[in-house]
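One-letter residues, chain by chain:
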Amino acid sequence: MQQVKTLGPGFDLGGLGSSLGRLGPAKIGAMVAVALAALLAVVMVARSAGTPNGLLYAGLEPAEAGRITARLEELKVPVEARADGSILVPAEQVARLRMQLAADGLPRQAGAGYELLDQASPMQMTSFMQRIQRLRALEGELARTIITMQGIRAARVHIVLPERESFSRDAPPPTASVTVTTTGNQRLGAAQAAAIRLLVAGAVPRLRQEDVSVVDPAGVVLAADGGLGAAAGRVSEIRQAHEANLRKSVLDLLEPIVGRGRVRAVASVEIDGSRMVARQETFDPMGQVERGRQSQNEQETSEDGRGQAPVTVGQNLPNQQANQNASRSTSSSQRTNETVNFEISSKVEETVREPGAVRRISVAVVVDGAPDADGNAQPRPKEELDRLAALVRSAVGFSQQRGDLVTVDTLRFLPDEGLGTLASSEADGIVLNGTRLALLGGGLLLASAGGLLLHRRRRRIQAAAAAAAAAAAAAAEAAAVETMDDAIATVGQDIQIRLSSLNALNEIIDHRPDEALAVVRSWIEEGTPA
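Everything numeric in this text was worked out from a predicted model, so none of it was measured.

**Quick notes on the sheet that holds strand β4 (residues 80–81)**
- Read from one edge to the other, the open sheet built from three strands follows the order β3-β5-β4, with strand pairing classed as antiparallel. The outermost strands of the open sheet, each flanked by one partner alone, are β3 (54–57) and β4.
- Judged from the two bridges that link them, β4 and strand β5 (residues 87–89) form a sheet pairing that is antiparallel. If you follow Glu-80 over to β5, its bridge partner there is Leu-88.
- Against the sheet, helix α3 (residues 62–74) engages β3, β4 and β5, with an angle of about 20° to β5.

Laid out in structure tokens, this is it:
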């Protein structure tokens with residue numbers, strides 16, 4: 001008997017199934033497709049109205065991102081915060097939310113600037129507190145300016161302004177240190193570090209540029225005069241830049257000759273990291289120059305008188321003449337001195353050699369084999385390798401006195417892997433937004449509906465085939481039963497029915513299953529060959 005399942009009053013699964021069966025697969029598929037399209041449209045419209053798909057801020061610190069997220073949740077705005085410091089909101093609300101958050105002081109700028117001086121009254125602060133507040137404000141303003149540079153995400157500035165000690169005329173010079181954090185995996189270059197040092201030195205009185213140190217969070221000294229770490233960092237940057245230039249020069253030279261991707265080059269450069277200052281003074285004895293001339297003239301005159309008469313009373317009488325017989329002598333002398341000073345010409349030379357001089361260059365070049373007529377790579381001849389080596393020596397500035405080494409060899413390269421054969425970690429970071437999820441869900445629903453229709457159609461075909469097979473088997477069984485009336489009569493007087501049709505057989509099986517089973521079993525045993 002056919003059983004009909006019901007879920008409640010007025011709901012008949014059998015009737016529903018028969019109704020769907022009368023519609024046909026084409027109509028059912030069309031109805032399912034229309035329903036899924038309508039559902040997909042409703043989902044997309046519902047999600048697009050409140051899906052956070054507009055970038056509000058990116059690269060925020062965790063604490064700052066948490067404050068902004070909390071404020072947006074207070075405003076009842078759909079928000080999505082990601083681990084990389086990005087905050088997403090509905091695209092149509094980005095401009096309005098930025099202005100509203102700016103009015104609330106979010107996001108907070110790095111450090112505190114001169115607004116610190118407005119927070120407290122000067123009457124409530126001591127002179128020490130005023131100095132500290134002024135120093136904090138200066139550090140915060142410098143950090144804000146440094147963040148505006150390209151590639152810098154965060155910065156902290158520390159300034160030391162030492163005071164003049166007792167019984168000291170001058171105060172020690174100020175110093176400063178700067179810590180910068182770059183975006184992504186970038187590294188701050190030497191030019192940017194020098195710009196930061198110049199900026200900080202120009203903002204602090206009496207601060208020299210060489211007294212400003214710049215480091216990154218990994219502990220790498222980017223700029224610091226006189227420091228071993230800074231010298232090592234500069235030498236490393238010079239070496240890496242020189243090696244990169246050599247590799248590029250070799251590839252640009254050989255790839256047009258042997259083919260793109262068929263040559264590999266590695267360069268190693270030894271850099272002299274010592275700093276040398278040499279002073280030399282040279283005198284030229286032949287290059288005499290008159291520097292000064294001094295002249296001195298001396299003249300002397302003397303007179304000497306001899307034989308003077310003795311002094312008597314008569315000499316004191318008037319009208320007495322002096323003794324004319326006395327003798328006198330006169331002498332004179334003259335001397336002239338002249339001094340000439342000559343200066344010997346001299347030349348003073350001072351040579352300063354900064355770190356970065358190239359001591360030695362080593363370049364290794366590997367070239368893929370040349371393809372033959374069958375397309376197989378074969379080793380290149382020695383003459384061709386020698387010509388390539390000569391070209392490489394010219395490109396890298398080979399110097400035999402320096403002990404440079406250039407090696408060019410040919411080897412067979414392995415074929416590149418095809419796309420899609422290797423696992424990629426890029427797919428791990430893919431984030432599906434609301435539209436992609438809706439499209440994916442709609443596709444899955446359509447695929448499920450199509451699979452269900454195909455499954456139902458297959459079941460109907462199988463059921464029809466099974467019904468036909470059952471009818472054929474029943475007819476065969478009926479014919480066999482008609483030929484076995486004598487055997488059935490031995491079952492008993494109870495079984496007095498006609499076995500000429502399939503209905504009689506069904507009735508026997510329903511009422512006397514054991515006897516029917518025994519009859520069928522005996523029939524099978526009789527038909528089995530001994």
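**Side note on a nonpolar patch on the surface**
- A grouping of Phe-128, Met-129 and Ile-132 is seen on the molecular surface, where their side chains present a nonpolar patch of about 280 Å² in accessible area.
- Relative to the assigned elements, Phe-128 resides in helix α5 (residues 127–147).

**Observations regarding the environment of Glu-64**
- Turning to its location among the elements, Glu-64 is positioned in helix α3.
- Distance from Glu-64 to Leu-106, taken between C-alpha atoms, is 8.2 Å for residues 42 residues apart in sequence.
- A polar side-chain atom of Glu-64 sits 2.4 Å from a polar atom in the side chain of Arg-67.

**Considerations on the packing of α5 against helix α6 (residues 190–203)**
- α6 packs onto α5 with a crossing angle of 150° between their chain directions and a minimal axis gap of 11 Å. Relative to α6, the element α5 is oriented roughly antiparallel. Read as a crossing pair, α5 and α6 show a hand that is right-handed. When α5 is examined against α6, the residues Leu-138, Leu-142, Thr-145 and Ile-146 are found in contact with a partner set consisting of Ile-196, Leu-199, Val-200 and Ala-203.
- Here the residues of the contact of α5 with α6 sort into seven nonpolar, one polar and no charged.

**A closer look at the pattern of salt bridges**
- Applying the stated rule across the entire model yields 21 salt bridges.
- Across the pair Glu-210 and Arg-208 runs a salt bridge, and its minimum N-O distance is 3.6 Å.
- Residue classification places Glu-210 among the partly exposed residues on the basis of a relative accessible area of 35%.
- In this structure, the salt-bridge partner of Glu-298 is Arg-335, at a minimum N-O distance of 2.1 Å. Here Glu-298, found in strand β11 (residues 276–306), pairs with Arg-335, found in strand β12 (residues 327–353); they are 37 residues apart in sequence, far enough to count as distant.
- Here Glu-298 falls in the partly exposed class, since its relative accessible area comes to 29%.
- Note on Arg-335: relative accessible area 47%, which makes it partly exposed.
- One network of salt bridges, in which partners are shared, links Arg-71, Glu-74 and Asp-104.

**Notes on the sheet that holds strand β8 (residues 212–215)**
- Spatial strand order, β6-β7-β8-β9: four strands in an open sheet with mixed pairing. At either end of the open sheet lies a strand with only one pairing partner, and these are β6 (152–160) and β9 (221–223). Sheet twist, expressed as the average angle between the axes of neighbouring strands with direction ignored, equals 25°.
- In the sheet, β6 pairs with strand β7 (residues 175–182) via eight bridges, with the strands oriented antiparallel. Looking across to β7, one finds that Ile-159 is bridged to Ala-176.
- Lying on the sheet, α5 is in contact with β6 and β7; it crosses β6 at an angle near 150°.

**What to know about the packing of aromatic side chains**
- Applying the stated criterion across every chain yields a total of zero aromatic pairs.
- The side chain of Arg-98 reaches across the aromatic face of Tyr-57, ending 6.0 Å from its centre.

**Quick look at the nonpolar core**
- Membership of the largest hydrophobic core comes to 23 residues, with the highest contact counts inside it found for Ile-146, Val-178, Val-180, Ile-196 and Val-200.
- Breaking this core down by element, the ones donating at least two residues are α5, β6, β7, α6, β8 and β9.
- The element that contributes the greatest number of residues to this core is α5, accounting for five residues.
- Contact partners of Val-178, with chain neighbours within four places excluded, come to Ile-146, Arg-156, Val-157, Ile-196, Val-200, Val-212, Ser-213, Val-214 and Val-215.
- Counting 21 residues, the second largest nonpolar core, distinct from the first, contains Val-235, Val-367, Ala-389 and Val-406.

**Observations concerning the pairing of strand β13 (residues 357–368)**
- As paired elements, strand β10 (residues 263–272) and β13 share ten bridges and run antiparallel to each other. Bridge pairing in β13 places Ser-268 opposite Ser-362.
- One ladder, built from seven bridges, connects β13 with strand β16 (residues 405–411); its direction is parallel. Paired with Asp-368 across the two strands is Leu-411, which belongs to β16.

**A short note on the pairing of β8**
- Covered by surrounding structure in β8 are Val-212 and Val-214 only, the residues Ser-213 and Val-215 on the alternate face being uncovered.
- Where β7 lies against β8, four bridges are found, and the strand directions are parallel. Considered in β8, the bridge of Ser-177 is made with Ser-213.
- Crossover β7 to β8 through α6 is right-handed.
- Sheet topology note: the β8/β9 ladder contains two bridges and is antiparallel. In the sheet register, Val-215 faces β9, and the bridge partner there is Val-221.
- Remark: five residues form the turn of the hairpin made by β8 and β9, two consecutive strands paired antiparallel; Gly-219 in that turn has positive phi of roughly 90°.

**Notes on α6**
- Taking 1.5 Å of rise per residue, the 14 residues of α6 would be expected to cover 20 Å, and the 20 Å separating its terminal C-alpha atoms lies within 8% of that figure.
- When we look at burial in α6, the residues that qualify are Ala-193, Ile-196, Arg-197, Val-200 and Ala-201. One face of α6 carries all of its buried residues, which in axial projection span an arc of 125°. Exposed and oriented more than 90 degrees from the buried face of α6 are Ala-191, Leu-198 and Gly-202.
- Where the residues of α6 are buried, they touch α5, β6, β7, β8 and β9.

Rules of the game
Residues numbered from 1 in each chain as written. Predicted model: local features only at pLDDT ≥ 70, side-chain atom pairs only at ≥ 80, totals over all residues. Heavy atoms only, no water. Pairing = 2+ DSSP bridges. Helix = DSSP H or I, 4+ residues; strand = E, 2+ residues; numbered from the N terminus. Contact = heavy atoms within 4.5 Å. Axes fitted to C-alpha atoms, helices over the stretch in contact; angles between N-to-C directions. Patch = residues over 30% accessible without salt bridge, like charges linked within 9 Å, V, L, I, M, F, W, Y side chains within 5 Å. Areas by Shrake-Rupley, 256 points an atom, 1.4 Å probe, with all protein chains shown as cover. Salt bridge = Lys/Arg side-chain N within 4 Å of Asp/Glu carboxyl O. Polar contact = N/O pair within 3.5 Å; in protein donor to acceptor, adjacent residues only side chain to side chain. Parallel < 35°, antiparallel > 145°, perpendicular 65-115°, else oblique. Left-handed = near helix turned anticlockwise from the far one by under 90°. Nonpolar A, V, L, I, M, F, W, Y, C, P; charged D, E, K, R; others polar. Buried < 20%, exposed > 50% of the residue type's maximum accessible area, 1.4 Å probe, protein only. Phe/Tyr/Trp six-rings, centres within 6.5 Å; stacked < 30°, edge-to-face > 60°. Lys NZ or Arg CZ within 6 Å of the ring centre and 35° of its normal. Core = buried A, V, L, I, M, F, W, Y, C linked by side-chain atoms within 4.5 Å. Right-handed = clockwise from strand over helix to strand, strands pointing away. Expected span 1.5 Å × (residues − 1). Arc of directions from axis to C-beta.

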